[in-house]
Amino acid sequence: MKFLKVMSLLLVAIFLITALFYEKIIASVLLPQYIDWAQETDEKGIEIGTPLNNKERSLAKEIGIKHPEKVRIVYVDDVPYPYDNFALKVFGEAVGLVGEGITNNAQVFGYSIYARKDFELTRPKLAHELVHVLQVERASLDKVVTQHFFDMAEYGYDKAPLEVEAAEANKIYSADW
C-alpha cells in the first residue's frame, strides 16, 4: 500500500514537472533533433530536386524570394517525417503534423519543397509553399521550425501565424498559370 502511494506521488510529480516545463523540454530536446533532421532533408532535396521552371521562378521572385534559383521541388510518395524517432513522432501527432487522418501534401525544408506525387502544385499551392521558403530565407530554418512548432501547439495548424501568412498567398495568387 505504501509502495502504491509513493508511486502515485511520483507519477503526479513527474506529470507536474512535465506540464510546467514542457516548453523547455521541447526546445532543448525535441526541436534540435527535428531541426537536424530537417536540415539533412533539405540538403538531400537540394541535391535531388528539380529546379523551378521560368514561370515558377518568376512567381518566387514576385513573392520576394532572394534566391529562387536555389529552390528545388522533390516529388515523393509521402512527404518525409522522422517517424523512426518515437519522441518526434508523438510530438508531431500532438501538434497535428502527422497522424491518423492527416495527409501532408507538401512541406518546405529550407530551399527544398517536398510534395506528394499525386498533389498538383498549382500556382496558388506553389505560392503557399514559396511563402514558407521566404520565411526560412528571412530568418533561418531553425528559427522558423521553432516558431512554427510553438505556434501550432498554441494556435493549431490553421491559425499558426506562419500558416496564416502562407495561406494569404493562396488568395493573392489564386488564378492558375
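Before reading further, recall that the structure is shown in the block above.
(A) Representation of the pairing of strand E4 (residues 112–116). Burial analysis of E4 places five of its five residues in the buried class, the great majority of the element. Covered by surrounding structure in E4 are Ser112, Tyr114 and Arg116 together with Ile113 and Ala115, the residues of both alternating faces. The sheet contact formed by strand E2 (residues 72–76) and E4 spans five bridges and is parallel. Following the sheet pairing, Arg72 is matched in E4 by Ser112. Where strand E3 (residues 106–109) lies against E4, four bridges are found, and the strand directions are antiparallel. Bridge pairing in E4 places Gln107 opposite Tyr114. The turn joining E3 and E4, which pair antiparallel and follow one another in sequence, is formed by two residues; a positive phi near 95° is taken by Gly110.

(B) Quick peek at the sheet that holds E3. One open sheet holds the four strands; their spatial order is E1-E2-E4-E3, and the pairing between them is mixed. Edge positions in the sheet fall to strand E1 (50–51) and E3, since each of these pairs with one other strand and no more. Sheet topology note: the E1/E2 ladder contains two bridges and is antiparallel. In the sheet register, Thr50 faces E2, and the bridge partner there is Ile73.

(C) Quick peek at the side chain of His132. By the secondary structure assignment, His132 is in helix H4 (residues 123–138). Residue classification places His132 among the buried residues on the basis of a relative accessible area of 11%. At 3.1 Å, the side chain of His132 forms a polar contact with the side chain of Glu163. Those residues in contact with His132 that sit more than four places away from it in its chain are Val108, Leu162, Glu163 and Ala166.

(D) Representation of the packing of helix H5 (residues 141–155) against helix H6 (residues 161–172). At a minimum axis distance of 8 Å, the contact between H5 and H6 shows a crossing angle of 100°. If you check the angle between H5 and H6, you find them roughly perpendicular. In this structure, H5 contributes Val144, Gln147, His148, Asp151 and Tyr155 to the contact, and H6 contributes Pro161, Leu162 and Glu163. Considering only residue class, the contact of H5 with H6 consists of four nonpolar, two polar and two charged.

(E) Seen up close, the pattern of salt bridges. Enumeration according to the criterion identifies six salt bridges in this entry. Measuring nitrogen to oxygen at the nearest pair gives 3.1 Å for the salt bridge that ties Arg116 to Asp78. Taken together, the positions of Arg116 in strand E4 and Asp78 in the loop between E2 and helix H3 (86–95) put the pair 38 residues apart, joining distant regions of the chain. Of the charged contacts, one joins Arg116 and Asp118 as a salt bridge, the two residues approaching to 3.3 Å between their closest N and O atoms. Here the salt bridges share partners, and the residues they tie into one network are Asp78, Arg116 and Asp118.

(F) Geometry of H3. What H3 keeps buried is the set Leu88, Phe91, Gly92 and Val95. Down the axis of H3, the buried side of the element spans an arc of 100°, and every buried residue falls inside it. Exposed side chains of H3 directed beyond 90 degrees from the buried face belong to Phe86 and Ala94. The opening residue of H3, the one whose side-chain oxygen lies 3.2 Å from the backbone nitrogen of Ala87, is Asn85. Backbone geometry just downstream of H3 places Gly96 in the positive-phi region, at approximately 90°.

Cut-offs applied
- Residues numbered from 1 in each chain as written.
- Predicted model: local features only at pLDDT ≥ 70, side-chain atom pairs only at ≥ 80, totals over all residues.
- Heavy atoms only, no water.
- Buried < 20%, exposed > 50% of the residue type's maximum accessible area, 1.4 Å probe, protein only.
- Helix = DSSP H or I, 4+ residues; strand = E, 2+ residues; numbered from the N terminus.
- Pairing = 2+ DSSP bridges.
- Polar contact = N/O pair within 3.5 Å; in protein donor to acceptor, adjacent residues only side chain to side chain.
- Contact = heavy atoms within 4.5 Å.
- Axes fitted to C-alpha atoms, helices over the stretch in contact; angles between N-to-C directions.
- Parallel < 35°, antiparallel > 145°, perpendicular 65-115°, else oblique.
- Nonpolar A, V, L, I, M, F, W, Y, C, P; charged D, E, K, R; others polar.
- Salt bridge = Lys/Arg side-chain N within 4 Å of Asp/Glu carboxyl O.
- Arc of directions from axis to C-beta.

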